[in-house]
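Here are the chains, one letter per residue:
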Amino acid sequence: MLRNVAAILGLLAVLPSCGQRTDREADLYGTPFAVHGALKLAAVAPNVNLGLRSYSDCEELTADIQNSLEQQNSFQKANLALAIQQASNWARRPPSQASEAMQDSAAGATETMTNVQEHGVDEADRYRVGLDQIFAVTFDRVQVVDRVSLGTLGTIPLSSGSNALLFTQEHKLILIENSSGASQVRIFRTQAGSMPELERTWSVPGSYIDSRLVGPHLIMVMNDRLPLENEPFEWQEFAEEQWFHDPIAKRAYEYSKTYYTRASLRPLDGAISGIPCAAISRRKVADFDLGFAKILSLNINAPESAEKGIGSIGQGSQIYVTADSVYLVKSNLQWFNFGGYASYNPYGGPDERVYIRQASFNKEDGTLTMEAEGEVAGRIKDRWALRGFNAGQNLVVATSTGLLWSTEVNIAQNHLFVLDKDVASKSLQIKSAIMNFGTHEDIRAVRYIGDKAYIVTFKKTDPLFAFDLADLADPKLLSGLKIPGFSTYLHPLADGRMFGLGFDAAEQGSFAYYQGVQVSLFDISNPLEMARIDNHIYGTRGSSSEATSNHHAFFHDAASGLIGLPIVQLGGDSLKGEQTSRVFSGAILLGFTGDKLIEKGRVSHAEWLPASCKQEYYGQWWQNQTASLDVNRIYRVDDRLITLSPLGLKAYALTDFGQPIHAQAFDAGPASCWGAAHKLRL
């Protein structure tokens, strides 16, 4: 259960300095009465509801939401009061001070497919290999390439400003275009040698969170908005404020009243965004997160079928999907905040939680049912932290708690929880846990392989931990291996080997600087005695690979043992003040044989890059590894190695990566390099 934060009680004493006001300004009127009222609410953490259940009807849903809106409205009124008072104080500054401040502020065996987390659960990507064609999203269109001849058949235009993702299944292409406020799904039928034919268009209101394809069922999770209406606060509502009769304050109110408004829920006609009120789960946490998460399923093989869906309010910033369950994950609370002073912020504290809701998925007819909910301490790095077991009966979650730089209070720790679904109470209950490993570090990568879990934590070095999950009632920490650097993605290989992709690191006393891209080969055949048996480092600080943060960019062909990594490799040590420069961009191909990773070749689309774009991908931060304009994806298709970039396609023989056997430049280039990078940041 969340606890109150005693520190907020001191906020009243410091509030007059909010917004960087001077002491003279603060003394003019003091803290607005509207702020005093809001702070009484802000000192208390948002309520946590126990037990999963749906709203009985729209009336109950409205009453619940309206209660939070009243709290949020008090926050808005307090912000408006602060804005009025600050504007009034600003107008009374000496002319020289006002002008100076204004000046300051102006300054498979025969082919490989998309790399996914769960077997049988397909994931959308910008590039896809279908039965008949190869598809690539390139800025404002989808390139359609014949799979046999590798010639371009044509393009499918995209809506302006949209981000597009693709699925393929048998003779189907599913194109999802996501733009502000809605997604459009187009389902095409494909056949060899010709352009895809449109079968159906499906418009889905809301902001796209994620999607999966399980059998013929397209699952989409959208974050829609509740139907709210806004109206300004009346001037008379501030009658108790000391500046109420100040004409300058009244003018400030007229200017600011449209920025801070009172919200209320519009009357509901039995449903929200097509989801009946009785199919919407009650909020777990009664905070200000009023996003409406919709889980929808559509049969792509039944053009006339209607979608099926359920909803959940304030839940669904991330998802994890198995063949039988959809998990909505919430880890960020939205609560009062005044001028940079957070009234309640659980991050890194003992109250930090991951809230999880599980919806079951019927693979036969696509029906979705909200099953259970639970919570665990801490935060997750990403969806790889979760793994379902026993057909949705159990869920394993790896979390981090505390703060990386704390040395006494709330020190960083890591944990592995096993949750068990209790049908009677509709809850995910903690069945067992391993607590407090990797002290003073946080999680950088998680991979579940069979009944084992492998977790990388890091602050200065990379401990790789192995866990035994054979008995979920009694999981065991088997061993830990410390090596320089850290991995952000782990991938199982044959013969008890595991591949790690991440970054080298240079220790600097109490912390470490990340360096070039690092690949590691681990021997995990005996989890009690793991070893790193080979590693290579590519480039210096700022070198990047999309595969470090997007597993779709990682290539592994089990049949040949070939591994491929898109990469932008830099030279020069920026930490020593040296100028960094691009050494190579494209993809590095490695052979995995026994205990070695051997470089087999390098492939590049650099000749298609505009000269200016070759200089625009320098110095990427390790947590923000976006796609380059060079090679983005690598596939094995019909005994050829296919490399794809936004600018073209190349094909190579599997035994010779020196010269391509086919090269096809696409007919669209970026208007600007920055625009291209922004467009591909998916």
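You'll find the structure just up there.
Cut-offs used in this document
- Throughout this description, residue numbers start from 1 for each chain and increase along the sequence as written.
- Local features are withheld for residues below a pLDDT of 70 in this predicted model, meaning they are given only at 70 or higher, and side-chain atom pairs are given and counted only at 80 or more; totals for whole chains, interfaces and linings count all residues.
- Based on all heavy atoms of the structure, the side-chain values leave hydrogens and waters out of the count.
- Following DSSP output, two strands are said to pair if at least two bridges run between them.
- Comment: elements are numbered from the N terminus, with helices defined as DSSP H or I runs of at least four residues and strands as E runs of at least two.
- All axes here are fitted lines through C-alpha atoms, helices being fitted over the stretch that makes contact, and every angle between N-to-C directions spans 0 to 180 degrees.
- For each residue, the accessible area found with a 1.4 Å probe, counting protein chains only, is set against the maximum for its type, and the residue is called buried under 20%, exposed over 50%, and partly exposed in between.
- The directions from the helix axis to the C-beta atoms are what the arc is built from.
- For the purposes of these results, a polar contact is taken to be a pair of N or O atoms within 3.5 Å, where, inside protein, one atom must be able to donate a hydrogen and its partner to accept one; residues adjacent in sequence count only when each atom of the pair is a side-chain atom.
- Cysteine sulfur pairs qualify as disulfides if the two atoms are within 2.5 Å.
- Contacts are assigned to residue pairs that have any heavy atoms within 4.5 Å of one another.
- Any Lys or Arg side-chain nitrogen located within 4 Å of an Asp or Glu carboxyl oxygen qualifies as a salt bridge.

(A) Seen up close, the sheet that holds strand β39 (residues 596–603). Taken in spatial order, the four strands of this open sheet run β36-β37-β38-β39, and their pairing is antiparallel. Looking at strand neighbours, the two that pair on one side only are β36 (555–557) and β39, the edges of this open sheet. Sheet twist, expressed as the average angle between the axes of neighbouring strands with direction ignored, equals 35°. Here strand β38 (residues 581–593) pairs with β39 via seven bridges, running antiparallel. What sits directly across from Thr593, in β39, is Lys596.

(B) Just helix α6 (residues 247–256), in detail. Every buried residue of α6 is listed here: Ala249, Ala252, Tyr253 and Ser256. Buried residues of α6, viewed axially, fall in a sector of 105°; they line one side. Those residues of α6 that are exposed and aimed more than 90 degrees away from the buried face are Pro247, Arg251 and Tyr255. The opening residue of α6, the one whose side-chain oxygen lies 2.9 Å from the backbone nitrogen of Ile248, is Asp246.

(C) Looking closely at the sheet that holds strand β24 (residues 386–389). The sheet built from eight strands is open, its strands ordered β18-β19-β22-β23-β27-β26-β25-β24 with mixed pairing. What marks the edges here is a single partner per strand, and that holds for β18 (318–321) and β24. Shown here is a sheet whose adjacent strand axes are inclined to one another by a mean of 25°, direction ignored. Here strand β22 (residues 353–361) runs beside strand β23 (residues 368–377); their pairing, made up of nine bridges, is antiparallel. The partner of Gln358 across the bridge, within β23, is Ala372.

(D) Local environment of the state of the cysteines. By the definition in use, this model includes one disulfide. Sulfur-sulfur distance for the disulfide between Cys58 and Cys277 comes to 1.9 Å. One quick way to see it: the torsion about the S-S bond of Cys58 and Cys277 is about 90°, and its sign makes the bridge right-handed. Each of the two residues, Cys58 as well as Cys277, counts as buried.

(E) Region of interest: unusual backbone geometry. Positive phi, normally seen in glycine, also occurs at Lys426, with a value near 50°. The phi angle at Asp638 is positive, at roughly 50°, despite the residue not being glycine. Take Asp638: it is sitting in the loop between β40 (633–637) and β41 (640–645). Judged by its relative accessible area of 37%, Asp638 is partly exposed.

(F) Seen up close, the environment of Trp243. The residue Trp243 is located in the loop between β11 (228–232) and α6 in this model. Trp243 gets classed as buried once you look at its relative accessible area, which sits at 0%. Beyond its immediate chain neighbours, meaning those up to four positions away, Trp243 contacts Tyr29, Ala81, Ile84, Gln85, Trp235, Phe238 and Ala249.

(G) View of the pattern of salt bridges. Counted according to the given criterion, the structure contains 38 salt bridges. Between Asp287 and Lys330 there is a salt bridge whose closest N-O contact spans 3.2 Å. Pair noted here: Asp287 is in the loop between β15 (280–281) and β16 (292–299) and Lys330 is in strand β19 (residues 325–330), with a separation of 43 residues, a long-range link. Here Lys330 falls in the buried class, since its relative accessible area comes to 2%. Between Lys381 and Asp382 there is a salt bridge, with its nearest N and O atoms 2.9 Å apart. Note on Lys381: relative accessible area 34%, which makes it partly exposed. A relative accessible area of 21% places Asp382 in the partly exposed class. Each of Lys284, Arg353, Arg357, Glu373 and Glu375 takes part in one network of salt bridges that share partners.

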